[in-house]
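Here's the letter readout for the chains.
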Amino acid sequence: MNNNYEVIVVGGGHAGVESALATARLGHKTLLITGRIENIATMPCNPSIGGSAKGIIVREIDALGGEMGINADKTLIQMKMLNSSKGPAVRSLRAQADKITYPKEMQKVLKNQANLDIKEAMVEDLIIENKKVKGIITDKLEKIESKIVILTTGTYLKSDILIGNTRTRSGPHDEKPSQHLSDKLRDYGFKILRLKTGTPPRIAKDTIDFSKTKIENGDPKSYTFSHDIKPIYDVNNQVPCHLIYTTPETHKIILNNLNKSAMYGGLDDITGIGPRYCPSIEDKLVRFSDKERHQLFLEPESLYYDDIYIQGFSTSMPKDVQEQMVKSLPGLENAKILRYAYAIEYDAIYPTQINASLETKVIENLFTAGQINGTSGYEEAAAQGLIAGINASLKLRNKEPLILKRNEAYIGVLIDDLVTKGTKEPYRMLTSRAEYRLLLRHDNADLRLREYGYQVGLINEEKYQKLLNKKENIKKLTDEIKNTKITITQNNKKTSITIYDYLKTPSTSLSEILNKNNNLTYEEEVIEQVEIQVKYDGYIQKVKREAEKMLKNEEKQIPNDIDYNKVNNLATEARQKLNEVRPKTIGQALRISGVNPSDISILMVYLRKYYNE
Amino acid sequence: MNDTITAISTALGPSAISIIRVSGTDAIEIVNKIFKGKDLKKQESHTIHYGHIVENDKIIDEVLVSIMKAPKTFTKEDVVEINTHGGIATTNKVLELLLLNGARLADPGEFSKRAFLNGRIDLVEADGIMNLIEAKTQTARELSINQLSGKVSNLITDLRDKLVQIIANIEVNIDYPEYEDIENLTNDKIKKDIEQFQKDLLTIIKESEDGKIISEGLKVAIIGRPNVGKSSLLNNLLEEEKAIVTDIEGTTRDIVEGNLSISGIPVTIIDTAGIRKTSNIVEKIGVDKSLNTIDKADLIIYMLNNNEPISKEDIDIYNKIKDKKHIIVINKIDLENKLTIPKEIKNYINISILKNTGIDEIKTTIINMFNLGNLHTKDLTYLSSARSISLLKKSFTYIENAINNININTPIDIVEIELRNAWETLGEIIGQTYSEELIDELFSRFCLGK
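Before going into details, it helps to say that this report is about the structure given with it. (Residues numbered from 1 in each chain as written. Chains lettered and ligands numbered in written order. Predicted model: local features only at pLDDT ≥ 70, side-chain atom pairs only at ≥ 80, totals over all residues. Heavy atoms only, no water.)

### A closer look at the overall build of chain A
Assigned secondary structure in chain A consists of 19 helices and 22 strands. Relative to a compact globule of 613 residues, whose C-alpha radius of gyration would be 25 Å, chain A shows 26 Å and is just as compact. In terms of overall dimensions, chain A has C-alpha extents of about 75 × 70 × 55 Å along its principal axes. For chain A, the share of sequence-separated contacts (at least 6 apart) that also reach a separation of at least 24 residues comes to 72%. A distance of 4 Å separates the average location of the 88 positive side-chain charges in chain A from that of its 80 negative side-chain charges. (Helix = DSSP H or I, 4+ residues; strand = E, 2+ residues; numbered from the N terminus. Rg over C-alpha atoms; globule rule 2.2 N^0.38 Å. Contact = heavy atoms within 4.5 Å. Lys, Arg positive; Asp, Glu negative; His and termini not counted. Charge placed at Lys NZ, Arg CZ, Asp CG, Glu CD.)

### Some words on the overall build of chain B
Check the secondary structure of chain B and you find 15 helices and 13 strands. Among the 450 residues that make up chain B, the fraction classed as buried is 51%. Of the contacts made within chain B by residues no fewer than 6 positions apart, 64% connect residues no fewer than 24 positions apart. Entry remark: accessible area of chain B is about 20,500 Å², with carbon and sulfur atoms responsible for 50%. (Buried < 20%, exposed > 50% of the residue type's maximum accessible area, 1.4 Å probe, protein only. Areas by Shrake-Rupley, 256 points an atom, 1.4 Å probe, with all protein chains shown as cover.)

### Side note on the sheet that holds strand β19 (residues 342–349) of chain A
Residues and elements named next belong to chain A. If you walk across this open sheet you meet the four strands as β11-β10-β19-β12, and the pairing is antiparallel. Edge positions in the open sheet fall to β11 (166–169) and β12 (192–199), since each of these has one partner strand only. When strand polarity is set aside, the average angle formed by the axes of neighbouring strands in this sheet is 25°. As paired elements, strand β10 (residues 160–163) and β11 share four bridges and run antiparallel to each other. Within β11, the residue paired with L162 across the bridge is R167. (Pairing = 2+ DSSP bridges. Axes fitted to C-alpha atoms, helices over the stretch in contact; angles between N-to-C directions.)

### Notes on the nonpolar core
Core analysis: the biggest nonpolar cluster contains 140 residues, and I49(A), I411(A) and L163(B) have the highest contact counts within it. Tallying contributions element by element places helix α9 (residues 378–396) of chain A first for this core, with ten residues. Setting aside residues no more than four positions away along its own chain, I411(A) makes contact with I57(A), E60(A), I61(A), L64(A), A383(A), I387(A) and L404(A). (Core = buried A, V, L, I, M, F, W, Y, C linked by side-chain atoms within 4.5 Å.)

### Side note on unusual backbone geometry
Glycine aside, a negative phi is what most residues show, and trans is what most peptide bonds show. A70(B) connects to P71(B) through a cis peptide bond whose omega is 5°. Within the secondary structure, P71(B) sits in the loop between β5 (58–68) and β6 (79–84). The backbone phi angle of N83(A) is positive, close to 60°, even though this residue is not glycine. Relative to the helices and strands, N83(A) is located in the loop between β4 (76–82) and β5 (92–97). A relative accessible area of 5% places N83(A) in the buried class. Phi at N409(B) takes a positive value of approximately 65°, unusual for a residue other than glycine. As for its position among the elements, N409(B) is in the loop between α13 (386–407) and α14 (412–429).

### Remarks on the sheet that holds strand β4 (residues 47–55) of chain B
All names here are of chain B. With respect to topology, seven strands assemble into an open sheet ordered β3-β4-β5-β6-β2-β1-β7, the strand pairing being mixed. For this open sheet the edge positions go to β3 (35–36) and β7 (104–105), each flanked by a neighbour on one side alone. In this structure, β5 lies alongside β6, joined through five bridges in antiparallel fashion. The partner of L64 across the bridge, within β6, is N83.

### Focus: the pattern of salt bridges
Per the stated rule, a full pass over the model turns up 62 salt bridges over all chains. One salt bridge connects R441(A) with D443(A), and the closest N-O pair in it is separated by 2.9 Å. Among the salt bridges present, the one from R420(B) reaches E171(B), with a minimum N-O distance of 3.1 Å. Residue R420(B) is found in helix α14, and its partner E171(B) is found in helix α6 (residues 151–175); the two are separated by 249 residues along the sequence. Assigned by exposure class, R420(B) and E171(B) land together as buried. Linked by salt bridges that have partners in common, R406(A), D416(A), D417(A), K421(A), E435(A), E554(A) and R591(A) make up one network. (Salt bridge = Lys/Arg side-chain N within 4 Å of Asp/Glu carboxyl O.)

### A few points about the environment of S302(A)
Residue and element names in this part refer to chain A. Checked against the element boundaries, S302 lands in the loop between β16 (295–300) and β17 (307–311). Each C-alpha atom of the pair S302 and D98 lies 4.5 Å from the other, and the pair is 204 residues apart in sequence. Separated by 2.6 Å, the side chains of S302 and D98 make a polar contact. (Polar contact = N/O pair within 3.5 Å; in protein donor to acceptor, adjacent residues only side chain to side chain.)

### Quick word on α14(B)
Side chains that are three or four residues apart share a direction in an α-helix, a result of its 3.6 residues per turn. With 18 residues, α14(B) should reach 26 Å at 1.5 Å per residue; the first-to-last C-alpha distance of 26 Å fits that figure. Where burial is concerned, most of α14(B) is hidden: 16 out of the 18 residues are buried. (Expected span 1.5 Å × (residues − 1).)

### With respect to helix α10 (residues 410–421) of chain A
Residues and elements named next belong to chain A. Its twelve residues place the ends of α10 16 Å apart at the C-alpha level, agreeing with the 16 Å of an ideal helix rising 1.5 Å per residue. Buried residues dominate α10, accounting for twelve of its twelve residues. Residues of α10 that are buried: Y410, I411, G412, V413, L414, I415, D416, D417, L418, V419, T420 and K421. Buried-residue contacts for α10 involve α2 (54–64), α9, α11 (445–456), α17 (572–581) and α18 (586–590). Phi turns positive, to about 70°, at G422, one or two residues after α10.

### Digging into the environment of I558(A)
All names here are of chain A. Topologically, I558 is positioned in the loop between α16 (537–555) and α17. Each C-alpha atom of the pair I558 and R582 lies 8.7 Å from the other, and the pair is 24 residues apart in sequence. Setting aside its immediate chain neighbours within four residues, I558 contacts Y564, P583, K584, T585, I586, A589, L603 and L607.

### Side note on the pairing of β5(B)
Residues and elements named next belong to chain B. Pairing analysis gives nine bridges linking β4 to β5, with the strands arranged antiparallel. Bridge assignment links I48 to a residue of β5, and that residue is S66. Connecting β4 to the antiparallel partner β5 that follows it, the hairpin turn spans two residues, and N56 within it adopts a positive phi of roughly 45°.

### Overview of the state of the cysteines
In this structure the tally under the stated criterion is zero disulfides over all chains. C45(A) supplies the cysteine sulfur nearest to C241(A), a cysteine that is in no disulfide, at a spacing of 14 Å. (Disulfide = S-S within 2.5 Å.)

Shown next, in the form of structure tokens:
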């Protein structure tokens, strides 16, 4: 094997794919190592890409030059714009993606990518010299050298599949887990975290009586995640989902068998912490005992096979109980379970040990992305994979890393949260985590981030020109509506008003006004952009001012060599947290939980005194 | 922050003992230099010692000295308290000796500030201690003690909890748009909750203002054209000759103050220079100060002269004060009526200071206006500092904006920006800013997931 790789990516999930594509596209000879090549970019859990906040992440990935958006556009079987009745800041796309074609298309892209080799192997150790990574060692003890290693190991670190009272050391899809890598990481100085997640049972489609369910169709309007391609699916031919509810019988079965659930006594050695936003059905019954029923979605996994995914029904009950549970659901009385639900426990690293560039603080040139950093979700993983790939390349080119700020991207919020606050449960992105979300919209992802993608080298000249044209047109249209007056009837009086001012009044639409009043011809996305910018101008400015306050605190640097043990009067918890996270700025320090404003004033007094700032 | 500070901690005045507090690294050493008795440096923490304060072996006072070593002290620094035997002169002398021996005179509130910076107290407690120090009446002392005990923190925490529930309801609708069993919140549904919250907040603001009155008292400014009898009214209310009373216009060129108690509430009456256009520079400064006083007062007593026709200046002054709480008083009713009362002035009190009539009616009106008779019967858990009240009001404005936005059908996530601002502003009162609270609330109250 030829050993002159610049980058080795360990893991072929959504994070690994983006990392490998990014470094290869930026001209670095890259090797992607994965347990099974045919499982690259598969979706082991829900058959969808996007969702609230996550859809915006996919747009951001696309704006920066990542692959996830395009691949989802190529393979989706249903598309919805969520929150379309709410404000522009919270709109977000969600696609039902086909579980067969999504990985297939992605694998094609990888195979056709120059500078990229793919190898099937299990990585069990790293080559480390003087706290610097120099390559990897496989389970066959093969050593492969590289300048940079990116770990995107997903749930494969010492993973255990839990069903009822059985614990089996295995990755998803009966794949081999990595047995030793997390122990090695611990030896190298990482703190290791045990996490847990679960997945619901899959049902044979032709055994479901859909007449007892409520149909949920895709949107009649077509959309794409990508900024660069037109919709290729047929809006009239989308595959529907179906809605059902749990029954009193379901609840009885679950409560009677609670002690058999792996999480509720079936296994007494569970240490992994599960996500609150994605509880198992037994968790939901216990925690929300007053609820009479719980909502479940029946989601198709693919056009090419029959599995239906029961969203909301994840469980770690033994198989016989799962049978009873499923058969108690309306329309599923005769259902055949194709694959049983399971919980999975796996190792991750405490993300406070990582820099915002996603390079670890412990080992130089070692980057981590995705579930190994404590996150959950395909989109969160892909976003980190892309950033890790970009920053690996920037490091190889001796350039400053790309660190997106909280007011620039959900990706910025995601990474800042991880490296500043850490996480105790698998971290999922929510719109409520983004305090400046009015700036982080679905519609302006390209305006926010394409420039970065271009500077880094993942966005080509043609796409960049397109962005510049769009910006130019937004400016032109804004100027035009400021200078164009129309006559409207208000309180039975005719008044002349600029379109710009009229647009600020409630329930007006720019495209309607333009259609009615003149022949301006602009692209739909330009009109949409101007409308949002004008209508919500007051609030956008307000949020921008808040963001500026935050940025001021980001400018206040904390010296790398600060010794928190010498700062008198810090609360014990604050001292501990500051020592752990070692924030780079006062702004970051402020966001650490357990560090109070009074600790910050003490810290600032100390900095002024000893560093004369 | 490592220097040693000192100040007289008790009110300066004729009292049996006064306490001088010293805090900082050198507190014990500095006091030891002027203390004759045991060697204070060798004493254990939290002990009291008898001795004398001396200057060059001359005894200044017989004292008790308390030694409290860090960190179990109010400021978390070494603290020494000297109990002197009273008398303004003696107390000042002791303070002077401390300053000569290396202590620095503390800024107002600096002990509390150190306590705060050293992590001894939170912001609300610091506010409460300020009030305790400044409390002039027994009622105010009770109120300050309540604030210290964390009741205010609880009150604000309750308010924030209510608000965060509304916010979480909105958030959960955004993050989980397809969950039908989560009640889909429309603006109409959320409006009711917000309006209820607004009511709760308003009640607390109202009660806090009462609390402020109890602790800080009322500031009442008497204003009017020159020579309408402002100084005479002040003297009459105070029953002492504090302001110079002459019948030469423009005699009061500075602000003259006096304190009295109405229904147990301390009331500061401020006599202002008569407001008129003037070229006399000294008098002009007085006039500017008067206008400034209008802004700071809780209540304006606006005086007119029954014996003079109304002037343009009278109307100008009236326009300046009409939006503030005010009482209109017409003086000199014992003299010939030359005044036509403008029709926008509906309520006024006729008085004659010379004949001492109508003065009690002024007091009664003040009592009714501020509900002074009932203030002290309330549960005294309010937020009495001006800082807290202004933050409460700021928060109220955000809530008002939210409701206005709902009324014009602004998307719910935009409305939520105002609610979040209100929530954060309330957090400022107790020194808490953004945290994981919201997300925790989201997950503890709603049942979500795959």
